[in-house]
Amino acid sequence: MLTRLRDYEPGARIEADVAIVGAGAAGITLARALMGRGLAVCLVESGDADYDAQVQDLATGETAGQPYYELRESRLRFFGGTTAIWGGRCLAMDPIDYRARPWVPRSGWPVSEADLAPWMARAGQGLGLRFRHFDARLGAEVALPRFPLDGQGLDTVFWQFDHAFWRFGLPNCRDLAEAADVRIPPCRGTGPRRSRRAQAASRGAPHGAGRGRDRECAAAARRTRGDAHGAWQRA
Ligand SMILES: Cc1cc2nc3c(=O)[nH]c(=O)nc-3n(C[C@H](O)[C@H](O)[C@H](O)COP(=O)(O)OP(=O)(O)OC[C@H]3O[C@@H](n4cnc5c(N)ncnc54)[C@H](O)[C@@H]3O)c2cc1C
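Residues numbered from 1 in each chain as written. Predicted model: local features only at pLDDT ≥ 70, side-chain atom pairs only at ≥ 80, totals over all residues.

Draft legend 1. How the structure looks around the confidence of the model for the protein chain. Here the protein chain averages 80 in pLDDT, and 79% of its residues register 70 or above. This stretch, residues 189-217, has a pLDDT under 50; its non-local contacts, to residues over four places away or in other chains, come to 58 contacts. (pLDDT = per-residue confidence, 0-100. Contact = placed C-beta atoms within 7 Å.)

Set out below in structure tokens:
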């Protein structure tokens, strides 16, 4: 069920067994996993179904550490979150990503690669990926010959692309919006809209740009995709 917080009285209480804050890839996937399990799930989203510059201002901030895109332009504030401008590249993290490294402040995860391994195939399903594996087994699945130097200091890295257009946008999440046990209260906005300006903007934006976003968002997508951090881009 989709509701708007602005339609609630101030101080109104929403009862739920599980509250998920943020309808990005993470929140939506979690809500889907909880759907139909007899729990009342509330998925709270700050934005609406589409880009809104005023809401996006809430993402203004500073990034620390390695240079990265402007925060306001790289964390999108509407249903579906940042996947509206992501490159769709899906790969497993390297084992070292999980480990504490003395030279990386606050590094080290409370979960290991082995903890997550059983869930990788399911994550791939959620992204509509064709192959179950993200490592050398994927090479075998697509009958890729082994490279002569594989395993001798060089490894082949595999990734797959999610080619769906705006997979986590509200139009593609009707299952959640219509589920009786999931309540989605986006905070503000005017509901789904797709102005001519927005259509023109998203046509001019690079691959993956969210349909229905206005020019500012499309320009942000262009900026974030066009610089040296384009590692996420499809080749
Ligand atoms: C240009 C670009 C390209 C990228 N390409 C790739 C790629 O190819 N492969 C890859 O794996 N990753 C890529 N990424 C990163 C990837 O998009 C993000 O890591 C991913 O989308 C994060 O998902 P999330 O659900 O954690 O957060 P988000 O997608 O940021 O979603 C968070 C949601 O929470 C909402 N929210 C935030 N605060 C609140 C609040 N207080 N109350 C209620 N709601 C709130 C937001 O509105 C938003 O909808 C890319 C990122 C960028 C910027």
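Draft legend 2. A look at the pairing of strand S1 (residues 18-21). Both S1 and strand S2 (residues 41-44) contribute to a ladder of four bridges, which runs parallel. Following the sheet pairing, Ile20 is matched in S2 by Leu43. In terms of handedness, the path from S1 via helix H1 (residues 25-34) over to S2 forms a crossover that is right-handed. (Pairing = 2+ DSSP bridges. Helix = DSSP H or I, 4+ residues; strand = E, 2+ residues; numbered from the N terminus. Right-handed = clockwise from strand over helix to strand, strands pointing away.)

Draft legend 3. Fine view of the sheet that holds strand S5 (residues 182-183). Taken together, three strands build an open sheet; the order of strands is S1-S2-S5 and the sheet is parallel. A strand with exactly one partner marks an edge of an open sheet, and here the two such strands are S1 and S5. Bridge count for S2 against S5 is two bridges, and the pairing is parallel. By the bridge assignment, Cys42 is partnered in S5 with Arg183.

Draft legend 4. Molecular detail of unusual backbone geometry. Positive phi, close to 55°, is recorded for Arg106, a residue that is not glycine. Along the chain, Arg106 falls in the loop between helix H4 (95-98) and helix H5 (113-126). Judged by the 6 C-beta atoms lying within 10 Å of it, Arg106 falls in the exposed class. Here Ala143, not a glycine, exhibits a phi torsion of approximately 55°, which is positive. Residue position: Ala143 is located in the loop between helix H6 (136-141) and strand S4 (160-161). Assessed through the 6 C-beta atoms surrounding it within 10 Å, Ala143 is described here as exposed. (Buried ≥ 20, exposed ≤ 12 C-beta atoms within 10 Å, placed from the backbone.)

Draft legend 5. Focus on H1. Within H1 the residues assigned to the buried category are Gly27, Ile28 and Ala31. Viewed along the axis of H1, the buried residues span an arc of 95°, placing them on a single side of the element. Contacts from the buried residues of H1 go to S1, S2, helix H7 (174-177) and S5. Positive phi appears at Gly36, one or two residues downstream of H1, with a value of about 75°. (Arc of directions from axis to C-beta.)

Draft legend 6. Broad picture of the environment of Phe165. Mapped onto the elements of the fold, Phe165 is located in the loop between S4 and H7. The exposure class of Phe165 is partly exposed, given the 15 C-beta atoms found within 10 Å. Separated by 81 residues in sequence, Phe165 and Ala84 place their C-alpha atoms 8.2 Å apart.

Draft legend 7. Spotlight on the environment of Gly128. By the element assignment, Gly128 lies in the loop between H5 and H6. Classification of Gly128 as exposed rests on a count of 12 C-beta atoms within 10 Å. The contact partners of Gly128, leaving out residues within four places of it in the chain, are Asp162 and Ala164.

Draft legend 8. Molecular detail of H5. Here H5 contains 14 residues, and its C-alpha end-to-end distance of 19 Å stays within 8% of the 20 Å for a straight helix at 1.5 Å per residue. Maximal helix bending in H5 amounts to about 45°, located at Trp119. Across the 14 residues that make up H5, only a small minority, zero, are buried. A positive phi of about 65° marks Gly128, the residue just after H5. (Expected span 1.5 Å × (residues − 1). Bend = angle between axes of the 7 residues up to and from the residue.)

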